[in-house]
Amino acid sequence: MAIVIVILLLVLATVLFHFFSPWWFTPIASNWSSIDDTIDITLWITGIVFILVNLFLAYAVYRFRYQKHRKADYEPENKKLEAILTIITTIGVAAMLAPGLIVWNEFVHVPEDAKEFEVVGQQWSWNYRFPGKDGVLGKIDSRLIDANNPFGMSPNDPYGQDDVLVNSNELHLPLDQSVKVLQRSKDVLHNFAIPQFRVKMDLVPGLTSYFWFTPTKIGRYEILCQELCGIAHYLMRGNIVIESEQKYQHWLASYPTYADTLMKPQADIVAGKNLFAACIACHGEQGLGNETMNAPKIAGLASWYTQRQLNYFKDKVRGASPEDSFGTQMAAMMPTLPDKQAIENVAAYIESLAPSSPSDQTSMTINENSNPENGKSLYRNCSFCHGSNGEGNYALNAPKLAGQHQWYLKRQLLNFQKDLRGDHQQDLYGKQMILMARLLQDEQAIDDVTAYISQLAANNSQHSQQLSQE
């Protein structure tokens, strides 16, 4: 009897949890309410079957419980019962599958008035490409992808010249405009998903997949990768903003076309050197940093990373919090770089500086409480993006760490943990670092991993000397 009561309580608790649970679908913000209807049909069918099967189980346990005066009958076959169960099961399965097939047919048949754009996935970020005035996306070739051509655009295709390149995790779309989403991956299998729109589709390397939807509510929604694409899979997020046509066109116009990137003037290192004069007081003439001035080493940093950080300071994405006193100092220096060309020039000059010198290597002091051996195991999570030797990886938007001072690395990790850096909605790479920094459970772990990273600089230097001697 106790088993019967447990089964009945299980059924009752399950039904109550279903109806009173706070976890349910987010309010739908697209045309795909039919997907919700399909899921509801599946839940009702499986829910009714769950209740009936468990009620029958409780009845059978009670009705055929052990009694001394009764003897069980052996009945190896019951064709009538088998036929009934087969028919009922077939009807149930068909009732679940049929609506899904109907919706899938709609999902892959794109309306004629839908506008196309492309989603490009890579570990662990999203980028977007829109056709220009000709309405046609240009050809791409993965073999052409590099720091100057992150989308792999074909320079000989006239249709690609006016393509708008959005090198950002944030996507904007106009309200009530149907869109066809073309998808490709630079590296591994990803999945582009927007829960509020009830849409998702795999990005398969070497193929172009697609789906369509019509956004129906103005707002800001989260984009997720719902395919296990690597250690930082859960960090591969973005945002989609649904707004008026006028605001959407203004946002789109803020990004360059492919032709713009080709005509973009090369960075002027000489001009960058002149601009760097304002940086010398803190970072040093060779950009090797100064702990007394709380200025990190910047010599040799990749230009793309320096540009991103300087733009963040300029746009108050970084250094806006009064608690980040050193970040606010950098933000206050940004008027010395009046425009993007100035930022590119000074970033190119910084990249040209020698990343180390003999005196710099001796200044790489390690906190005496640190344990670099323990830091080596902790660094394993970092190495997937920043490289096993802390060399950085442009493809993963990860800067070089080797050669940086321990005190600065520690301060930045603490800033990430305290949401003083990376919390701004436009700093999606910073949001990734917030989550990764919180894997370091205490200050000792931070000391250990930063000590190991600082040792990487010395190890890399010794390795380079051995190669030069050989």
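Everything below is about the structure printed above this text.
Residues numbered from 1 in each chain as written. Predicted model: local features only at pLDDT ≥ 70, side-chain atom pairs only at ≥ 80, totals over all residues. Heavy atoms only, no water.

Participant: Got a minute to help me understand the sheet that holds strand β8 (residues 209-213) in this structure?
Facilitator: Where strands meet in a sheet, backbone hydrogen bonds hold them as pairs that are either parallel or antiparallel. Taken in spatial order, the five strands line up as β3-β2-β1-β5-β8 in an open sheet, and their pairing is mixed. Where the open sheet ends on each side, the last strands, each with one partner, are β3 (164-166) and β8. Neighbouring strand axes in the sheet, compared pairwise and without regard to direction, differ in orientation by 25° on average. (Pairing = 2+ DSSP bridges. Helix = DSSP H or I, 4+ residues; strand = E, 2+ residues; numbered from the N terminus. Axes fitted to C-alpha atoms, helices over the stretch in contact; angles between N-to-C directions.)

Participant: Explain helix α14 (residues 406-417) to me, please; I cannot follow it from the model alone.
Facilitator: Structural remark: α-helix, 3.6 residues per turn; residues separated by three or four positions point the same way. For α14, which comprises 12 residues, the first-to-last C-alpha distance of 17 Å matches the rise-based estimate of 16 Å (1.5 Å per residue) to within 8%. Along α14, 10 of the 12 residues are buried, which leaves the element largely enclosed by surrounding structure. Just beyond α14, the residue with positive phi is Asp419, at close to 65°. (Expected span 1.5 Å × (residues − 1). Buried < 20%, exposed > 50% of the residue type's maximum accessible area, 1.4 Å probe, protein only.)

Participant: How do you make sense of the packing of aromatic side chains when you look at a structure like this?
Facilitator: In this description, an aromatic ring pair is defined by two values, namely the gap between the centres and the angle between the planes. This structure, assessed with the given rule, holds 21 aromatic pairs. Ring centres of Trp407 and Tyr408 lie 6.1 Å apart, and the angle between their planes is 80°; this geometry places the pair in the edge-to-face category. Classification of Trp407 by relative accessible area gives buried; the value is 18%. Residue class for Tyr408 comes out buried when judged on its relative accessible area of 13%. Ring-pair connections join several aromatic residues into one group, and the members of that group are Trp32, Trp104, Phe107, Trp126, Phe192, Phe197, Phe211, Trp212, Phe213 and Tyr221. Across from the ring centre of Tyr62, 4.4 Å away, lies the NZ or CZ of Arg65, which sits over that ring. The ring of Tyr210 carries the charged tip of Lys180 above its face, separated from the ring centre by 4.7 Å. (Phe/Tyr/Trp six-rings, centres within 6.5 Å; stacked < 30°, edge-to-face > 60°. Lys NZ or Arg CZ within 6 Å of the ring centre and 35° of its normal.)

Participant: Explanation requested: unusual backbone geometry in the structure shown.
Facilitator: Excluding glycine, most residues fall at negative phi; most peptide bonds, likewise, are trans. Residue Trp124 follows Gln123 across a cis peptide bond; omega there is -5°. Among the secondary structure elements, Trp124 is positioned in the loop between β1 (115-122) and β2 (125-130). In this structure, Asp176 is a non-glycine residue whose phi angle is positive, near 65°. By secondary structure assignment, the location of Asp176 is in the loop between β4 (170-174) and β5 (179-185).

Participant: When you look at the packing of helix α1 (residues 2-20) against helix α2 (residues 33-63) in this model, what are you seeing that I'm missing?
Facilitator: The relative placement of two packed helices is expressed as an angle between their axes plus a distance between the axes. Two elements in contact, α1 and α2, have axes whose closest approach is 8 Å; the angle formed by their N-to-C orientations is 165°. For the element pair α1 / α2, the angle class is roughly antiparallel. You can see that α1 and α2 cross each other, and the crossing is left-handed. Residues Ile3, Val4, Ile7, Leu8, Val11, Thr14, Val15, His18 and Phe19 of α1 pack against Leu43, Trp44, Phe50, Ile51, Asn54, Leu55, Leu57, Ala58, Val61 and Tyr62 of α2. Residues that form the contact of α1 with α2 fall into these classes: 16 nonpolar, three polar and no charged. (Parallel < 35°, antiparallel > 145°, perpendicular 65-115°, else oblique. Left-handed = near helix turned anticlockwise from the far one by under 90°. Contact = heavy atoms within 4.5 Å. Nonpolar A, V, L, I, M, F, W, Y, C, P; charged D, E, K, R; others polar.)

Participant: I keep staring at the pattern of salt bridges and nothing clicks. Help me out?
Facilitator: Note on pairing: side chains with opposite charge can pair once their charged atoms come close. The final tally for this structure, using the stated rule, is 11 salt bridges. In this structure, Arg198 and Asp36 form a salt bridge, with 2.7 Å as the shortest nitrogen-oxygen distance. Taken together, the residues Arg198 in the loop between β6 (190-194) and β7 (199-203) and Asp36 in helix α2 connect sequence positions 162 residues apart. Both residues of the pair, Arg198 and Asp36, belong to the buried class. A salt bridge links Glu116 to Lys180; the nearest nitrogen and oxygen atoms lie 3.7 Å apart. Of the two residues, Glu116 is situated in strand β1 and Lys180 in strand β5; the sequence distance between them amounts to 64 residues. It is possible to trace a salt-bridge network through shared partners that takes in Glu118, Arg129, Asp163 and Arg184. (Salt bridge = Lys/Arg side-chain N within 4 Å of Asp/Glu carboxyl O.)

Participant: I would appreciate a short explanation of the pairing of β8 in the present structure.
Facilitator: Two faces make up the sheet, and in a regular strand the side chains alternate between them. Within β8, four of the five residues are buried, which leaves it mostly tucked inside the rest of the structure. The pairing of β5 with β8 spans five bridges and is antiparallel. Opposite Val179, over in β8, you have Phe213 as the bridge partner.

Participant: What am I meant to see in the nonpolar core here?
Facilitator: As a rule of thumb, soluble globular proteins bury nonpolar side chains together. Tyr128, Phe130, Phe213 and Ile240 are the most contacted members of the largest nonpolar core, which totals 42 residues. If we ignore the near neighbours within four places in the chain, the residues touching Ile240 are Leu171, Leu173, Ile194, Phe197, Phe213, Gly219, Arg220, Tyr221 and Ile223. Phe276, Leu310, Val346 and Leu353 belong to the second-largest nonpolar core, a separate cluster that totals 16 residues. (Core = buried A, V, L, I, M, F, W, Y, C linked by side-chain atoms within 4.5 Å.)

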